[in-house]
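Take a look at the letters that make up each chain.
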Amino acid sequence: MHAYVEAAQRMFWPVVSSTATTLCAFLPMPFWPGVPGEFMGMLPVTIIFVLSASLVVALIYLPVMGGVTGRVSRNFSRASDWLRSRMPWVVCAALVPVCWYAMFCGAMQVLNPHYLLPAGTPGPVGLVVGAVLFMLAASGASVSLSAARIERAQRRVRSGRGLTAFGWFIKAIAGNPIMPIVAIAAVFTGVFYVAFVLFPEKSLGVEFFVESEPEQATVYVRARGNLSLAETDAMVHQVEDIVSAHPAVINVFAFAGDGGLDTGGPAAGQHPADTVGQVQFEIIPWEDRPKVSEPILNGRFHKQVTAPAFDGDTVIDQLNAELAKLPGFEAEILALAQGPASGKPVHLRLMADGWDDLTEATNMARSQFESTPGLTQIEDTLPLPGIDWQIDVDVEKAGRYGADVAIVGAMVQLVTRGILLDTMRVDSSDEEIDIRVRLPRQDRVLSTLDTLKVRTRDGLVPLSNFVTRQPVQKVAKITRVDQQRIRDVKADVTPGLSLALDAGGDRLGVLRLATEDHPATGRSFELNGETYSVVTLSVASSADDLEAALSGGTARLAPINPNERIAVLTEWLETDPLPGSNNWEWTGDQEEQAESGAFLQNAFMGALGLMFIILLAQFNSFYNSVLVLLAVVLSTTGVLIGMMVMQQPFSIIMTGTGIVALAGIVVNNNIVLIDTYQEYSQYMPRIEAIVRTAESRIRPVLLTTITTMAGLAPMMFGLSLDFING
């Protein structure tokens, strides 16, 4: 009991400081603005509560439980001594795996009440049986493991303190006046090389949010013209038949005209202007899809993965190929974003005061989008082709005839919507129904205005005497932002495309990876066991030169993502090709990405500032506080190395959040090391204090690091462990 109390007193401030610094890393996160902040808001709140609870557990609960279990451990020690004296060592050793297996069975029984007991057993009974089995097996494992421990002969006591191999290594660095300088120079050189040379060369680009496999999507049926509801319903029905026929689709909802289920999210309601219907569908949930076995680690192990034919991206590609065969209209699929994304990722906004200049700029931007490889499902917010009839009333002539303009308006309404007389309620509707009077159906045409007559004080006068009509271009709506008219041009990015880059970062060409759904077409070649088709050439003079550069290692492939295509279009926009006084900006995901990136940078700096205050209060030393924070900055190099090894792009949201969280984790080990060094340096030379600190704290540092890595390994490799079903 005294040992636990002394340990709690000795490590109180280091534990409080390490927990507080970890909390500081997450304190700015709840103030994350925009949609990404709403999406990620629960993560920091959860971690803050968990860390606060862990502090109470570490400083109060564990010392109390340690004192209680200390008495139980003495009983276990007596039992292991008794077992060692009565049983041979072989029997004691054989009992260890048996007890471990019993512990496993007990744990599985707790998770799955029918793991050991027959079906139909009540859940509480299975839970109690599993818990009792686990506790008994754990006790037996502790006793048998202690009894089977091999006791070596005690070494001869010698004066002085021997060093381990790790201790000699630390002494070789710290005890030499040159080696610390060499070590520091090597670390900073490695960090500079990785961050500013290697990572820019090997980076796979930047993305807003990690790509995820879709489970829901919407097909937008697009057509233009004066279509009747029956015609649009026939189009939607054709799309519905194709979607329903796919074996991976389970639920389909079709809507002709306006309407559709609210899928939620920031992209809800954002559909092309010429949409005449929607077909929303759901793919078989991930856990219910057929699985196939895939070898890993050179075939030594196998893991269960989703059958390729039921992959969400594959399903959408197959449906796109079938929908493209439909004549007379277009159908595009937009997958439901599994994150804070807001519709199509490439979203250009044009702003101007002049209507003609804005229309011309929108047409130019759309043409550039269409000529840029890798962009698909392009749309703009220009008004749809069509005409509106403009009716002009010559007020002066109407006055001479004694006609009232209000009466003229009523006569026009007789031809169009009708004159509103009153409203009524019926039992079958919750809303009021308008009562209108209109001309007979055969007379509801614009030419009727030429024959209608209006009553005046001088008698009946034809409307055509002072009313004229003319066709004008149809304007669906006018949108303004900050008192400026705007038009948008949007596009999605074609998956499976790669960009060939030379050593200087110049774009050589665009390639497509050949798959079953997209076989190789045109000029193609093999690279690293995969077939690529040449889509377009940029700097490379020919496909042969491009193949030679990639095969020779002088060029590399990088995936084409929205950020990369936006960079290409930005280069064109910066040449000032737009007419008039048009302004432009990237909005949508790009705007959210810039806002989130700026916030995460400020959050990281704010977290470092809060950490510095806590460290300064803990160590009472600017040098030690800066040293700990420097370790936080240097540790981000490991993030870059991990991304290069795992071949992953830099995600603004997920990677940025990970770096901020990393700051709180890295600080803990440094606080423990420096606190221990400060204690040792009070009564021994500094070099000896450094060596002893490294030797005494290497085990807890490795334990915390390895356990954290082990906990994150299933997420890193995409493995899912089903404890319930075994």
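Quick summary incoming for the structure in this document. (Residues numbered from 1 in each chain as written. Predicted model: local features only at pLDDT ≥ 70, side-chain atom pairs only at ≥ 80, totals over all residues. Heavy atoms only, no water.)

**Quick word on the sheet that holds strand 19 (residues 507-513)**
Taken together, 5 strands build an open sheet; the order of strands is 20-21-19-18-22 and the sheet is antiparallel. In this open sheet, the two strands that pair with only one neighbour each are strand 20 (524-527) and strand 22 (555-559). Within this sheet the neighbouring strands show an average axis-to-axis angle of 40°, counted without direction. In this sheet, strand 19 lies alongside strand 18 (residues 497-502) in antiparallel orientation, the contact comprising 5 bridges. Across the sheet, residue Leu-501 finds its bridge partner in strand 19, namely Arg-507. (Pairing = 2+ DSSP bridges. Helix = DSSP H or I, 4+ residues; strand = E, 2+ residues; numbered from the N terminus. Axes fitted to C-alpha atoms, helices over the stretch in contact; angles between N-to-C directions.)

**Observations concerning the nonpolar core**
Core analysis: the largest hydrophobic core is formed by 32 residues, its most contacted members being Trp-32, Phe-604, Met-611, Leu-615, Val-632 and Val-667. Element by element, the count of residues in this core is highest for helix 16 (residues 589-619), at 9 residues. Beyond its immediate chain neighbours, meaning those up to four positions away, Trp-32 contacts Gly-37, Met-40, Ser-596, Phe-599, Leu-600, Ile-653 and Thr-657. (Core = buried A, V, L, I, M, F, W, Y, C linked by side-chain atoms within 4.5 Å. Buried < 20%, exposed > 50% of the residue type's maximum accessible area, 1.4 Å probe, protein only. Contact = heavy atoms within 4.5 Å.)

**A word on the pairing of strand 18**
Of all 6 residues that make up strand 18, 5 are buried, and the element is covered over most of its length. Of the strand pairs in this sheet, strand 18 and strand 22 are connected by 5 bridges, and their pairing is antiparallel. Of the residues in strand 22, the one forming a bridge with Leu-499 is Ala-558.

**Remarks on the packing of aromatic side chains**
Counted according to the given criterion, the structure contains 5 aromatic pairs. A centroid spacing of 6.0 Å and a plane angle of 35° characterise the contact between Tyr-401 and Phe-466, whose relative ring orientation is tilted. Here Tyr-401 is found in helix 12 (residues 395-401), whereas its partner Phe-466 is found in the loop between strand 14 (459-462) and strand 15 (467-473), with 65 residues between them in sequence. In this structure Phe-466 comes out as buried when scored by relative accessible area, which is 2%. Here Phe-612 and Phe-622 contribute two aromatic rings whose centre-to-centre distance is 5.8 Å and whose plane-to-plane angle is 40°, an arrangement assigned as tilted. Here Phe-622 lies in helix 17 (residues 622-646) and Phe-612 lies in helix 16, a separation of 10 residues in the sequence. Directly above the ring of Trp-389 sits Arg-469, whose terminal nitrogen or CZ lies 6.0 Å from the centroid. (Phe/Tyr/Trp six-rings, centres within 6.5 Å; stacked < 30°, edge-to-face > 60°. Lys NZ or Arg CZ within 6 Å of the ring centre and 35° of its normal.)

**Section: the packing of helix 16 against helix 17**
Viewed as axis vectors pointing N to C, helix 16 and helix 17 meet at an angle of 145°, and their least axial separation amounts to 9 Å. In terms of crossing hand, the pair formed by helix 16 and helix 17 is right-handed. Between helix 16 and helix 17, the residues in contact are Phe-604, Leu-608, Met-611, Phe-612, Leu-615, Leu-616 and Phe-619 and Phe-622, Asn-624, Ser-625, Val-626, Val-628, Leu-629 and Val-632, respectively. Here the contact of helix 16 with helix 17 is built from residues that sort into 12 nonpolar, 2 polar and no charged. (Left-handed = near helix turned anticlockwise from the far one by under 90°. Nonpolar A, V, L, I, M, F, W, Y, C, P; charged D, E, K, R; others polar.)

**A look at the pattern of salt bridges**
As enumerated under the stated definition, the model contains 17 salt bridges in all. A salt bridge links Arg-366 to Asp-380, with the nearest nitrogen and oxygen atoms 3.0 Å apart. Placement of the pair is Arg-366 in helix 11 (residues 355-371) and Asp-380 in strand 9 (residues 375-380), with a sequence separation of 14 residues. Under the relative-accessibility criterion, Arg-366 is labelled partly exposed at 22%. Residue classification places Asp-380 among the buried positions, given a relative accessible area of 14%. Bridged by salt links that share partners, the residues Arg-222, Arg-224, Asp-274, Glu-332, Lys-344 and Glu-379 form one connected network. (Salt bridge = Lys/Arg side-chain N within 4 Å of Asp/Glu carboxyl O.)

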